[in-house]
Amino acid sequence: MLQPKRQKAPDLRPDLREDALHFRSGTVSVTVDVSPQQRKTPLGDLVLRGSIGGKDIEVVFPGRRRALAVPLLQRLHAKAQLHKLDPKPAVAAETGIRQRIRVDGAWRVRLSNEQDAVPDRRFQLVAARWRYKGPDGLDHIFGHLPAF
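Everything quoted here is computed from the prediction, not taken from an experiment.

1. With respect to helix α2 (residues 70-85)
Moving on, step 1. For α2, with 16 residues, the first-to-last C-alpha span of 23 Å sits near the 22 Å given by 1.5 Å per residue.
Moving on, step 2. Of all the residues in α2, the buried ones are L72, L73, L76, A80 and H83. The arc that holds the buried residues of α2, viewed along the axis, is 100 degrees, so those residues lie on one side. When the buried face of α2 is taken as reference, the exposed residues oriented beyond 90 degrees from it are Q74, L82 and L85.

As structure tokens, then:
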């Protein structure tokens with residue numbers, strides 16, 4: 001007699017190790033203006049250039065949250081395309097295209113060596129959850145709060 005094939009139990013728990021690594025001290029809620037300028041870290045995390053009150057920061061979308069940032073990137077790239085079609089370019093594309101988002105995340109500092117051997121401190125906001133108002137006036141929420 002044939003036995004029914006056992007199915008693998010679904011993994012219902014999120015990656016607790018990733019959350020414990022990035023959000024050790026909890027989260028804060030911050031409003032940031034992000035631009036379409038992006039890069040990736042050696043670990044594959046997405047980093048967007050942002051600003052708070054005129055100060056430059058980096059907003060990091062780590063690990064599994066990186067894929068959830070695709071709608072935000074699409075929105076930024078759509079704004080960049082509209083900006084290119086505008087007959088009167090008021091500001092440079094790198095500085096003029098911004099999206100205001102509300103980020104629940106954790107702060108960290110990245111030190112990078114400059115040419116004169118003086119370390120440059122960059123503040124990074126590691127995003128756990130973020131939201132922005134869409135053209136329909138509704139809040140679009142992405143990501144999720146850390147699960148400890």
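Structure shown, so let's carry the discussion forward.
2. A short note on the pattern of salt bridges
Moving on, step 1. Overall, the coordinates contain ten salt bridges when judged by the stated rule.
Moving on, step 2. Note that R129 is salt-bridged to D104, the shortest N-O span being 3.1 Å. Taken together, the positions of R129 in strand β5 (residues 119-133) and D104 in strand β4 (residues 99-113) put the pair 25 residues apart, joining distant regions of the chain.
Moving on, step 3. Judged by relative accessible area, R129 falls into the partly exposed class, the value being 23%.
Moving on, step 4. Residue class for D104 comes out buried when judged on its relative accessible area of 7%.
Moving on, step 5. Three or more residues joined by partner-sharing salt bridges are found here, namely D19, R64 and R65.

3. Quick word on a nonpolar patch on the surface
Moving on, step 1. Together, V28, W107, V109, L111 and F123 make up a nonpolar patch on the protein surface, roughly 460 Å² of accessible area in all.
Moving on, step 2. Here the nonpolar patch gets three residues from one element, more than from any other, and that element is β4.
Moving on, step 3. Looking at the element boundaries, L111 is found in strand β4.

Here is what the cut-offs are and how they apply
Residues numbered from 1 in each chain as written. Predicted model: local features only at pLDDT ≥ 70, side-chain atom pairs only at ≥ 80, totals over all residues. Heavy atoms only, no water. Helix = DSSP H or I, 4+ residues; strand = E, 2+ residues; numbered from the N terminus. Expected span 1.5 Å × (residues − 1). Buried < 20%, exposed > 50% of the residue type's maximum accessible area, 1.4 Å probe, protein only. Arc of directions from axis to C-beta. Salt bridge = Lys/Arg side-chain N within 4 Å of Asp/Glu carboxyl O. Patch = residues over 30% accessible without salt bridge, like charges linked within 9 Å, V, L, I, M, F, W, Y side chains within 5 Å. Areas by Shrake-Rupley, 256 points an atom, 1.4 Å probe, with all protein chains shown as cover.

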